[in-house]
Amino acid sequence: MTQPADIRREHDAPPTVSLDTLHLLAAALLSAERHWPVIPLTPNTKRPSGHPERACPRTGRCATGHRTPEQRATTDPDLIRAAWANQPYNVGIATGPAGLLVVDLDVPKEEEQEGAPDGATSFQALCERAGQPYPYTYQVRTPSGGRHLYFTAPRGTRLKCSVKRLAPHIDTRAWGGYVVAANSTTPQGAYEVAEAAPVAPLPTWLADLLTASATPAEPPALAPVRDGTKAARTALERECAVIAAASEGGPNGRNSTLHKSACKVARFVAWGHIPRHTVEEAIQAAGESTGLPAAECRTTIRSAMEWILANATPREAA
């Protein structure tokens with residue numbers, strides 16, 4: 001007896017692919033069309049799929065040595081379809097092989113000082129100091145509220161990733177790194193296109209900041225404060241000493257201490273007890289004396305100063 005034509009046996013049914021998987025596959029193929037090699041990221045995470053180097057079996061594709069995610073990145077549509085056929089992998093873009101440099105503008109963590117500058121604020125300050133407009137380029141909004149600004153990397157220069165080199169909460173992704181592509185999701189939310197503009201070339205002034213020697217210049221010497229009321233001068237000198245004694249990293253590290261101390265002294269500026277330029281020059285010198293880059297110091301100080309001045313109560317500002 002034959003089966004009715006509209007009845008299929010279970011093994012005859014075509015494999016089902018979720019809508020999420022199809023969206024992610026489309027995102028991976030779109031990146032490949034742009035000549036941006038992609039890697040699969042573990043579903044709902046930012047981590048590359050596959051084994052880490054410490055657990056490499058040295059077999060198969062790693063028979064001649066561990067292959068990093070950057071080395072495994074591909075634009076081959078057949079390989080991409082095969083990888084995303086049954087798993088809703090998030091999409092990672094290998095920035096170096098893609099010829100990209102992506103500026104990652106992050107937001108402060110919950111434990112950081114209230115009013116700490118976010119990456120967008122710090123980047124805007126960098127643009128203003130360089131006398132340049134905020135770049136118009138392709139942008140992706142991250143689930144945390146940050147932004148990824150995409151640029152084509154300059155030819156002949158192999159830029160590497162950086163962490164806080166430009167300013168607090170600003171990292172860059174280039175050779176040795178990757179970014180999560182739009183349409184990928186994590187428990188925090190989705191990566192979404194925020195600006196569907198063409199990818200702009202990396203501005204020369206920004207490339208110069210990323211390729212400048214990391215050796216800090218000789219910091220200016222700390223000088224006694226002569227302007228302002230006695231209380232304001234005492235507070236400024238005390239906070240400069242606190243900054244100069246700060247250590248590397250952590251919640252009590254150099255940049256965090258710089259921001260906290262700048263906020264404390266900024267209140268005296270808001271009250272009219274001491275000139276703003278006096279405070280900024282003294283704290284800048286103290287920050288640089290710890291080895292912090294001058295640009296990072298200026299951005300942090302400016303953010304702290306402007307936040308306090310904008311939020312001082314009428315009674316305090318009187």
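This write-up is about the structure you can find in this document.

Here is what the cut-offs are and how they apply
- Residues numbered from 1 in each chain as written.
- Predicted model: local features only at pLDDT ≥ 70, side-chain atom pairs only at ≥ 80, totals over all residues.
- Heavy atoms only, no water.
- Helix = DSSP H or I, 4+ residues; strand = E, 2+ residues; numbered from the N terminus.
- Buried < 20%, exposed > 50% of the residue type's maximum accessible area, 1.4 Å probe, protein only.
- Contact = heavy atoms within 4.5 Å.
- Areas by Shrake-Rupley, 256 points an atom, 1.4 Å probe, with all protein chains shown as cover.
- Salt bridge = Lys/Arg side-chain N within 4 Å of Asp/Glu carboxyl O.
- Core = buried A, V, L, I, M, F, W, Y, C linked by side-chain atoms within 4.5 Å.

**Description of the overall build of the protein**
Logical step 1: The secondary structure content of the protein amounts to 11 helices and 12 strands.
Logical step 2: Across the 318 residues in the protein, those meeting the buried criterion constitute 41%.
Logical step 3: Taking the intrachain contacts of the protein between residues at least 6 apart in sequence as the baseline, contacts between residues at least 24 apart amount to 73%.
Logical step 4: If you sum the accessible surface of the protein, you get close to 17,400 Å²; carbon and sulfur atoms cover 52% of it.

**Overview of the pattern of salt bridges**
Logical step 1: If you walk through the whole model with that rule in mind, you get seven salt bridges.
Logical step 2: Of the charged contacts, one joins Glu280 and Arg276 as a salt bridge, the two residues approaching to 2.7 Å between their closest N and O atoms. Of this pair, Glu280 and Arg276 are both found in helix 9 (residues 276–289), four residues apart, which corresponds to roughly one turn of the helix.
Logical step 3: What makes Arg276 partly exposed here is its relative accessible area of 29%.
Logical step 4: A salt bridge links Arg276 to Glu306; the shortest N-O distance between them is 3.8 Å. In this pair, Arg276 sits in helix 9 while Glu306 sits in helix 10 (residues 294–311), placing the two residues 30 residues apart along the sequence.

**Focus: the nonpolar core**
Logical step 1: Core analysis: the largest hydrophobic core is formed by 28 residues, its most contacted members being Trp36, Ile80, Trp84, Val91, Ile93, Leu100 and Tyr150.
Logical step 2: Breaking this core down by element, the ones donating at least two residues are helix 1 (19–33), strand 1 (38–41), strand 2 (90–94), strand 3 (100–105) and strand 8 (178–180).
Logical step 3: Here this core takes six residues from helix 1, the largest share from any one element.
Logical step 4: Formed by 23 residues, the second largest nonpolar core is a distinct cluster that contains Ala262, Val265, Ala286 and Ala304.

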